[in-house]
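Residues per chain, in single letters:
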Amino acid sequence: MAWTQYQRLLALLMVITGSFNTLSVKYADEQIVRGEDGQPRHFNHPFMQSTFMFIGEMMCLVVFKILHYYYTRKGDGSVDTHPLTKGSHVFNPFLLLIPALCDTCATSVMYVGLNMTYASSFQMLRGASVIFTAILSMGFLNKKLGRREWSGIVMVILGLALVGVSDAITEDKDISRNSILTGDLLIICAQVITAVQMVVEEKFVAGQNIPALQAVGWEGVFGFIFICVLMVPLNFIHATPPFADNSRGTMEATADALVQIGNSGHLLMAIVGISFSIAFFNFAGISVTKEMSATTRMILDSVRTIVIWVFSLIVQEQKFQYVQLIGFTILFSGTCIYNNIIIPQLVRKCRYRLGRHRPPPNDRENIINTAADDIPETE
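Below, the structure is looked at part by part. By convention here, each chain's residues receive numbers from 1 onward along its written sequence. Only residues with pLDDT of at least 70 get local features here, since the model is predicted, and only at 80 or more are side-chain atom pairs given and counted; chain-wide, interface and lining totals rely on the full set of residues. Only hydrogens and water are removed before side-chain values are computed, so all heavy atoms of the structure are retained for them.

Focus: the overall build of the protein chain
Here a helix means four or more residues in a row that DSSP labels H or I, a strand means two or more in a row labelled E, and each is numbered from the N terminus. Counting its regular elements, the protein chain contains 14 helices and 2 strands. Think of it in three bands: with a 1.4 Å probe and only protein chains considered, a residue is buried below 20% of the maximum accessible area for its type, exposed above 50%, and partly exposed in between. Split into buried and exposed, the 379 residues of the protein chain put 51% on the buried side. Sequence-distant contacts in the protein chain: of pairs separated by 6 or more residues, those separated by 24 or more amount to 78%. Here a residue-residue contact requires only that any non-hydrogen atoms of the pair lie within 4.5 Å.

This is the structure we're talking about:
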């Protein structure tokens, strides 16, 4: 089935804003600005970056309320048909509380890891969520994995291992090898929390038909409240580089972060970019899941990985490694096999062609748009 113009726009918006968001976070990490004590340092404030991310998500709720009010006032029923407002407007917002808390923890840990490693590795290693989601789905959703799913998981593990090997053999004068590997491990560990979020969403949120802007906005509200509460003790917990590098020597230094942002226009621009890009990315991501499928969203997320990787190579943030290319290819293939998209269909087509049989219509039509009832993921 061909995509509509609206669906193509959503896909393009997801890839562009998703890539821009990761690159904005990494760009902010690399800025060296005077802090609260007057000393120039890198902007090492992952929890503050998470805060600005949730502010961006909260803006979606404001936009939704404005649009809902406008279309309701028109009185022509467009509030129930417009893509930005259609859906169930009566639901319990606290359904999104646990996913929002998981999102807060996972994003914060991943941002700590991103500060230590490369943007492309950050994006690739997020593929580990497939492994943990499968394990948790067996335990809490009573799902049974077949030979295809286990084959996909094995390939994902192999791909992740090769990405890690690529980071281990890469020589970088600005980042130590131990720091890179620690960042990689943190990103992988964060995928456990992401998997919990996805399983909870499938069990309690799937089928609610919540408008995308409203869902993202409420997760932003809960996430913002939680990260603000979390930052209170983080401002008093001491840590050493590379986990923390600020004027107070603590896990987070809110005042120091705000001073650095005020002292640099480039840093301020990156922070604004983080807020707006995550808002558009999450809206586009949830809309893609509703309009097409979660597997289509996964494919687009892999395209985002390629964009980030190519950009990192162009600006020479990292050196090209054949091992990383092989690792990403295996990782992507494993994810496709697990989700029963693209590769299984192509294999069956080859078999039918060799056997001079025509492939089923579903395999011809639905190479990407399959499994419409897959897990809707948020970020």
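Still more to cover.
Looking at unusual backbone geometry
In this structure, the amide linkage connecting Pro-241 to the following residue, Pro-242, adopts the cis form with an omega of 5°. Topologically, Pro-242 is positioned in the loop between helix H8 (212-234) and helix H9 (254-263). Even without glycine at this site, Asn-209 takes up a positive phi of about 55°. Topologically, Asn-209 is positioned in the loop between helix H7 (177-205) and H8.

A look at the packing of helix H2 (residues 46-74) against helix H3 (residues 97-114)
Following both chains from N to C, one finds H2 and H3 inclined at 135°, their axes separated by 8 Å at the closest point. With respect to their mutual orientation, H2 and H3 come out oblique. Along this stretch, H2 crosses H3, giving a crossing that reads as right-handed. Here Pro-46, Phe-47, Gln-49, Ser-50, Met-53, Phe-54 and Glu-57 of H2 lie close against H3, whose contacting residues are Asp-103, Thr-104, Thr-107, Ser-108, Tyr-111 and Val-112. Ten residue types, Ala, Val, Leu, Ile, Met, Phe, Trp, Tyr, Cys and Pro, are classed as nonpolar, four, Asp, Glu, Lys and Arg, as charged, and the remainder, Gly among them, as polar. Class assignment for the residues of the contact of H2 with H3 results in 6 nonpolar, 5 polar and 2 charged. For helices, the fitted axis covers only the stretch in contact; all axes are lines through C-alpha atoms, and the angles between them, taken along N-to-C directions, range from 0 to 180 degrees. An angle below 35 degrees is treated as roughly parallel, one above 145 as roughly antiparallel, one from 65 to 115 as roughly perpendicular, and anything else as oblique. Rotating anticlockwise by less than a right angle from the far helix to the near helix defines a left-handed crossing, while the corresponding clockwise rotation defines a right-handed one.

Describing the nonpolar core
Phe-43 and Leu-160 are the most contacted members of the largest nonpolar core, which has 73 residues in total. Among the elements that take part in this core, helix H10 (residues 265-291) stands out by supplying 11 residues, more than any other. Setting aside anything within four residues of it in sequence, one finds Leu-160 in contact with Met-124, Leu-125, Ala-128, Ile-131 and Leu-331. Side-chain atoms within 4.5 Å link the members of a nonpolar core, which is a set of buried Ala, Val, Leu, Ile, Met, Phe, Trp, Tyr and Cys residues.

Describing the side chain of Gln-214
Tracing the backbone through its elements, the reader meets Gln-214 in helix H8. Residues within four places of Gln-214 in sequence aside, it is in contact with Leu-61, Phe-64, Lys-65, Ser-88, His-89 and Phe-91.

So, the packing of aromatic side chains
In this description, a pair of aromatic rings is defined by centroid distance and the angle of the planes. Aromatic pairing here means that ring centres of Phe, Tyr or Trp (its six-membered ring) are within 6.5 Å. Orientation follows from the plane angle: under 30 degrees is stacked, over 60 is edge-to-face, and everything else is tilted. Within this structure, the stated rule accounts for 7 aromatic pairs. Residues Phe-94 and Phe-222 carry aromatic rings whose centres are separated by 5.5 Å and whose planes lie at 40° to one another, so their mutual orientation is tilted. With Phe-94 in the loop between H2 and H3 and Phe-222 in helix H8, the pair connects residues that are 128 residues apart, well separated along the chain. You can call Phe-222 buried: its relative accessible area is 9%.

Describing the environment of Ile-157
Relative to the helices and strands, Ile-157 is located in helix H6 (residues 147-169). Judged by its relative accessible area of 44%, Ile-157 falls in the partly exposed class. A sequence separation of 174 residues divides Ile-157 from Leu-331, and the C-alpha atoms of the two residues are 7.5 Å apart.

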